[in-house]
Amino acid sequence: MRWASHNGGIPMQLCRRASEAASMQPSLKQAGIALAATAGLGIISAPFGLATGFLVRSPAPPKRLIAMTLLRTFFFPCLLEELFWRAVLLPQPNEKSWPWGQAVLFNLGFVLYHVPAGWLLTWSKAVPGACACFKDTSFLVLAMLLGFACTWAYWMSGGSLWVATIVHWLPVNVWLLLYGGEQQLRGVSARDQGADQQSPDHC
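Note that the structure is a prediction, hence the values are computed from the model and not measured.

Draft legend 1. Spatial organisation of the overall build of the chain. The helix and strand inventory of the chain stands at nine helices and zero strands. Starting at the N terminus, the α and β elements of the chain follow one another as α-α-α-α-α-α-α-α-α. Considering only contacts in the chain between residues 6 or more positions apart, those separated by 24 or more positions represent 75%. Carbon and sulfur atoms make up 71% of the accessible area of the chain, which totals about 11,200 Å².

As structure tokens, this is what we get:
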């Protein structure tokens, strides 16, 4: 198996991609791309989530929880997932033309990895409702739409890790803080309108 080449081989290429994506300076154009991607995602995702009952309006949580959630989710899952699924795996725009095949393949991986991740989080008792939530068909469809929005924003911004992260971060926090996400991850079904009935800790 060949890993070495004149430019350092595949591992160095992947590291170089991540470094270039992280070193891009923000600009007004990138802010516009992030806004457009987030707005487009919301226009499609919100009606779908509300129609399927996956998104249910919930009371605003305490300010301390809001601040902690905004900070925590920026680094994980948003920054770390975008670092891997976009910055490392996708080529930089200056490497080649639009990688349609790779974009679809890696977005499928991004969606499906949530299923075993949810099982692991529930099994370890770290996030009791993750298993049921992450294998929900509506969640997987929304994750697919989110992945394509992040991929589009990443490519249109010239390969900016930060643009993709913001496009990931904003919808995740709207879901967690305003549309039942925190309750679902704690094991309370959003379709029960915030009822206190706990879901089983197993799949």
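Draft legend 2. Main features of the side chain of Gln92. Tracing the chain through its elements places Gln92 in the loop between α3 (63-88) and α4 (100-112). Within the structure, the side chain of Gln92 is placed 2.8 Å from the side chain of Tyr154, a separation counted as a polar contact. A distance of 3.3 Å separates a polar atom in the side chain of Gln92 from the backbone oxygen of Gly159. For Gln92, the residues in contact, after removing those within four places along its chain, are Arg17, Glu20, Ala21, Tyr154, Trp155, Gly158 and Gly159.

Draft legend 3. View of the packing of helix α7 (residues 137-156) against helix α8 (residues 161-178). Packing of α7 against α8 leaves a shortest axis separation of 8 Å and a crossing angle of 150°. By the angle between their axes, α7 is roughly antiparallel relative to α8. Crossing hand, α7 versus α8: right-handed. Of α8, the residues touching α7 (which contributes Phe139, Leu146, Ala149, Cys150, Ala153 and Tyr154) are Leu161, Val163, Ala164, Val167, His168, Pro171, Val172 and Trp175. Class assignment for the residues of the contact of α7 with α8 results in 13 nonpolar, one polar and no charged.

Draft legend 4. Broad picture of helix α2 (residues 28-52). Taking 1.5 Å of rise per residue, the 25 residues of α2 would be expected to cover 36 Å, and the 36 Å separating its terminal C-alpha atoms lies within 8% of that figure. Most pronounced at Ser45, the bend in α2 amounts to some 30°, and the proline Pro47 follows within four residues. Just downstream of α2, Gly53 is the residue with a positive phi angle, here 85°.

Draft legend 5. Region of interest: the nonpolar core. Formed by 40 residues in total, the largest nonpolar core has its most connected members in Phe54, Cys133, Phe139, Val167 and Trp175. Every element with two or more residues in this core is listed here: α1 (9-23), α2, α3, α4, α6 (130-134), α7 and α8. When neighbours within four sequence positions are excluded, Trp175 is seen to be in contact with Phe54, Leu55, Cys133, Phe139, Gly180, Gly181, Gln184 and Leu185.

Draft legend 6. Representation of the packing of aromatic side chains within the structure. As enumerated under the stated definition, the model contains 10 aromatic pairs in all. Aromatic side chains Phe54 and Phe139 sit 6.2 Å apart centroid to centroid with 55° between the ring planes, which places their arrangement in the tilted category. Here Phe139 lies in helix α7 and Phe54 lies in the loop between α2 and α3, a separation of 85 residues in the sequence. Of the residues examined, Phe139 reaches a relative accessible area of 10% and is grouped as buried.

The rules we used
Residues numbered from 1 in each chain as written. Predicted model: local features only at pLDDT ≥ 70, side-chain atom pairs only at ≥ 80, totals over all residues. Heavy atoms only, no water. Helix = DSSP H or I, 4+ residues; strand = E, 2+ residues; numbered from the N terminus. Contact = heavy atoms within 4.5 Å. Areas by Shrake-Rupley, 256 points an atom, 1.4 Å probe, with all protein chains shown as cover. Polar contact = N/O pair within 3.5 Å; in protein donor to acceptor, adjacent residues only side chain to side chain. Axes fitted to C-alpha atoms, helices over the stretch in contact; angles between N-to-C directions. Parallel < 35°, antiparallel > 145°, perpendicular 65-115°, else oblique. Left-handed = near helix turned anticlockwise from the far one by under 90°. Nonpolar A, V, L, I, M, F, W, Y, C, P; charged D, E, K, R; others polar. Expected span 1.5 Å × (residues − 1). Bend = angle between axes of the 7 residues up to and from the residue. Core = buried A, V, L, I, M, F, W, Y, C linked by side-chain atoms within 4.5 Å. Buried < 20%, exposed > 50% of the residue type's maximum accessible area, 1.4 Å probe, protein only. Phe/Tyr/Trp six-rings, centres within 6.5 Å; stacked < 30°, edge-to-face > 60°.

Take it as geometry only, folks, not as evidence of what the structure does.
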